[in-house]
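Descriptive structure summary
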Amino acid sequence: LANRGVGSDNAAKAIGSYLSDPDARTRATAVDGLSLAATDETVPMLLDRFRNDPSPMVQESAARDLAEAGMYTHAQRMVAARSLVGWVGDASLSVQQRGWATHALTDIAGKSFGNNVVAWQSWYNQQSSSE
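The next subject is the side chain of serine 55. Here serine 55 is to be found in the loop between helix H3 (42–52) and helix H4 (56–67). Polar contacts involving the side chain of serine 55 include one to the main-chain amide nitrogen of methionine 57, which spans 3.2 Å. With residues near it in sequence (within four places) discarded, serine 55 still touches Ala24 and Arg27.

We now examine the packing of aromatic side chains. Under the defined criterion, the tally for this structure stands at four aromatic pairs. Chaining the aromatic ring pairs together yields one cluster made of Phe113, Trp120, Trp123 and Tyr124.

To continue, consider helix H2 (residues 24–37). Over its 14 residues, H2 runs 20 Å from end to end, which matches the ideal 20 Å to within 8%, given 1.5 Å per residue. Within H2, the full set of buried residues consists of Ala24, Arg27, Ala28, Ala30, Val31, Gly33, Leu34, Ser35 and Ala37. Just downstream of H2, alanine 38 is the residue with a positive phi angle, here 50 degrees.

If charged atoms from side chains of opposite charge come close, those side chains can pair. For the structure on display, the rule yields six salt bridges. When the shortest N-O distance is used, the salt bridge between arginine 27 and aspartate 53 registers 2.8 Å. Pair noted here: arginine 27 is in helix H2 and aspartate 53 is in the loop between H3 and H4, with a separation of 26 residues, a long-range link. The buried category is assigned to arginine 27, whose relative accessible area is 8%. What makes aspartate 53 buried here is its relative accessible area of 2%. Note that aspartate 65 and arginine 64 form a salt bridge whose closest N and O atoms lie 3.7 Å from each other.

Calculation criteria
Residues numbered from 1 in each chain as written. Predicted model: local features only at pLDDT ≥ 70, side-chain atom pairs only at ≥ 80, totals over all residues. Heavy atoms only, no water. Helix = DSSP H or I, 4+ residues; strand = E, 2+ residues; numbered from the N terminus. Polar contact = N/O pair within 3.5 Å; in protein donor to acceptor, adjacent residues only side chain to side chain. Contact = heavy atoms within 4.5 Å. Phe/Tyr/Trp six-rings, centres within 6.5 Å; stacked < 30°, edge-to-face > 60°. Expected span 1.5 Å × (residues − 1). Buried < 20%, exposed > 50% of the residue type's maximum accessible area, 1.4 Å probe, protein only. Salt bridge = Lys/Arg side-chain N within 4 Å of Asp/Glu carboxyl O.

This is the structure in structure tokens:
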């Protein structure tokens, strides 16, 4: 029901409590659940799991859910894109994470600039100025 606006905030809080579970599968499932609730508050939660969760499975789920799965609006995906653009070239992230960031941006943008940080930043700036 949360993806239809019924109790979305309560559902997101309940599901979000599983993001610190010791089991990576439980955290990945929680990430998937948050993407179905798709509130504005869940976008930073998924971005945090993408960037900071120790499990690649959770990181990948978060990137995928922000970009192509779940119920996020284009505006919510653009909020995620702001962070993802900065992370494409972030050497503190794993190569795998940077690849997922690029893949997520490709899905959001409908364009592919590979790992070209300048091109992604230019795309994002153009999108931001036209909204």
